[in-house]
Amino acid sequence: MDYFSTDWQEKGEEFTEEQLKKLSFDEKKEIMKEMIEEQKLLVLHEPWLIADWDREARDKFLEMYTLEEQEQMAVRCELEHQRCKETGKGFGDG
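Residues numbered from 1 in each chain as written. Predicted model: local features only at pLDDT ≥ 70, side-chain atom pairs only at ≥ 80, totals over all residues. Heavy atoms only, no water.

A. Examining the overall build of the chain more closely. Secondary structure summary: the chain contains 5 helices and 0 strands in total. For the chain, the N- to C-terminal ordering of α and β elements is α-α-α-α-α. Here the chain holds 94 residues, and the buried ones make up 20% of them. Long-range contacts, defined as pairs at least 24 residues apart, comprise 36% of the intrachain contacts of the chain with a sequence gap of at least 6. (Helix = DSSP H or I, 4+ residues; strand = E, 2+ residues; numbered from the N terminus. Buried < 20%, exposed > 50% of the residue type's maximum accessible area, 1.4 Å probe, protein only. Contact = heavy atoms within 4.5 Å.)

Structural data, given as structure tokens:
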């Protein structure tokens, strides 16, 4: 089964414990790499998601990004903060 196929993702299926146990080390490693990339992309677009992390963990995580990406994230946070002040809504609320 191709766990990274679009069909698998569109069905919204999740791994069962039994399926995870059957995966090889390399398959688990590949899944972890994909999860890290997905998290990196999510935080790039919604950087306020890591605001509650302790400083050390946040700084270590941010090392994955280029300086340009970090600057974009800072600008996004500032714009979202301004929007929150103007609308009275919280971070990420539509």
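B. Quick peek at the side chain of Arg58. Looking at the element boundaries, Arg58 is found in helix H4 (residues 55-62). Buried charge without a partner: Arg58 forms no salt bridge, and the closest opposite charge is Asp59, 4.7 Å away. (Lys, Arg positive; Asp, Glu negative; His and termini not counted. Salt bridge = Lys/Arg side-chain N within 4 Å of Asp/Glu carboxyl O.)

C. Main features of the packing of aromatic side chains. Across all of its chains, the model carries 2 aromatic pairs by this definition. Their ring planes at 75° and their centres at 5.1 Å tell us that Trp53 and Phe61 sit as a pair that is edge-to-face. In this structure Trp53 comes out as partly exposed when scored by relative accessible area, which is 30%. Three or more aromatic residues joined by ring pairs make a cluster, and in this case those are Trp53, Phe61 and Tyr65. The residue whose ring lies beneath Lys40 is Tyr65, and the NZ or CZ to ring-centre distance is 5.4 Å. (Phe/Tyr/Trp six-rings, centres within 6.5 Å; stacked < 30°, edge-to-face > 60°. Lys NZ or Arg CZ within 6 Å of the ring centre and 35° of its normal.)

D. Representation of helix H3 (residues 25-45) in the model. Helix length check: H3, at 21 residues, gives a terminal C-alpha distance of 31 Å against a target of 30 Å (1.5 Å per residue), a fit within 8%. Where H3 is concerned, the buried positions are Ile31, Lys40, Val43 and Leu44. Where H3 is buried, its residues meet H4 and helix H5 (67-87). (Expected span 1.5 Å × (residues − 1).)

E. Structural view of the nonpolar core. Val43, Leu44, Ile50, Phe61, Leu62, Tyr65 and Met73 form the largest nonpolar core, which has 7 residues in total. Elements represented by at least two residues in this core include exactly H3 and H4. (Core = buried A, V, L, I, M, F, W, Y, C linked by side-chain atoms within 4.5 Å.)

F. Molecular detail of the side chain of Lys40. By secondary structure assignment, the location of Lys40 is in helix H3. Nearest to the buried, unbridged Lys40 among oppositely charged side chains is Glu69, at 4.5 Å.

G. Layout of the pattern of salt bridges. The final tally for this structure, using the stated rule, is 4 salt bridges. With its nearest N and O atoms 3.8 Å apart, the salt bridge here joins Arg55 to Asp59. In this pair, Arg55 and Asp59 both sit in helix H4, 4 residues apart, roughly one turn of the helix. According to the relative accessible area criterion, Arg55 is exposed, its value standing at 59%. Note on Asp59: relative accessible area 35%, which makes it partly exposed. In this structure, Arg83 engages Glu80 in a salt bridge whose closest nitrogen and oxygen atoms are separated by 2.7 Å.

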